[in-house]
Amino acid sequence: MIKINLLDSVTDKAGNFAAVEARVTTPGMQGKLLLLVVVALTMLGMFFDYSTANSAKAAAQTQLEEQQRIAAQMEMVKREQADLEAKTRDVQVRIDAIKHLREAQQGPVAVLSAINDRLPRLPDFRLAGIEQKDGNLTITGDSSNENAVTQFGRSLEFSAGMFTNVSIETKRDVLKPPADSANGSPAATEGPKPQTLTFTVKCKYTPAGSGQPGPANATAQLIPPPAQVAQK
């Protein structure tokens, strides 16, 4: 049978504890323990700071990449917007050119239509030419009826502001009598010689509803002037 002396073992352990406690209570050992604790806390703090800084860096890097992606998208949108504005300007320039061309084409047509509506319906009333420049019209023609010329000028003057500053200049011409077919001498017939009234009407043209002079410049040669005209 084995016998164990428990009293000795407890006494030995108590002695060991006392020895350890005696070592710990010494100033040198306490300094070492304090230094060890400080080093451990320092390492723990450094690790915590490193982990926090690394996490913040990763978050900042992710945010930077997101901002760069947004900036790239914004730059692309700006380029597309600039291209769209350039295309819009080109389209607007073309539209303005087409409008100007249509106005230039419609200007002479509108002038001729307005004048034609006011022409006297007489066979001996003829227009020789119409010239339009910067909204000013010069109408030339001839007629044997002076009243028809006056009527034409009044119809232009009373046109609800379409034709303004109307002035008429007339010149009476005497036509040469026809030559005799046998001997080439003028026919010896008595009676008044035929006369024609050459007129020039000047006025300012304003398209209806625009309030501004017509933009187009045009010249229309309607009927060539009579070939046989003698000086007054």
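This text gives an overview of the structure that appears in the document. Nothing here was measured: the structure is a model prediction, and the numbers come from that model. (Residues numbered from 1 in each chain as written. Predicted model: local features only at pLDDT ≥ 70, side-chain atom pairs only at ≥ 80, totals over all residues. Heavy atoms only, no water.)

## Some details on unusual backbone geometry
For residues besides glycine, phi is generally negative; the peptide bonds are generally trans as well. The phi dihedral of Ala 160 is positive, around 60 degrees, even though this residue is not glycine. On the secondary structure map, Ala 160 appears in the loop between helix H3 (146-157) and strand S3 (163-174). Overall, the relative accessible area of 88% leaves Ala 160 in the exposed class. The phi torsion at Asn 165 lies on the positive side, around 55 degrees, for a residue other than glycine. Here Asn 165 shows up in strand S3. (Helix = DSSP H or I, 4+ residues; strand = E, 2+ residues; numbered from the N terminus. Buried < 20%, exposed > 50% of the residue type's maximum accessible area, 1.4 Å probe, protein only.)

## Here's the deal with the pattern of salt bridges
This structure, assessed with the given rule, holds three salt bridges. A salt bridge links Glu 66 to Arg 69; the shortest N-O distance between them is 2.3 Å. One end of the pair is Glu 66 and the other is Arg 69, both in helix H2 (residues 27-117) and three residues apart, which spans about a single turn. Its salt-bridge partner being Arg 126, residue Asp 142 comes within 2.8 Å of it at the nearest N-O pair. (Salt bridge = Lys/Arg side-chain N within 4 Å of Asp/Glu carboxyl O.)

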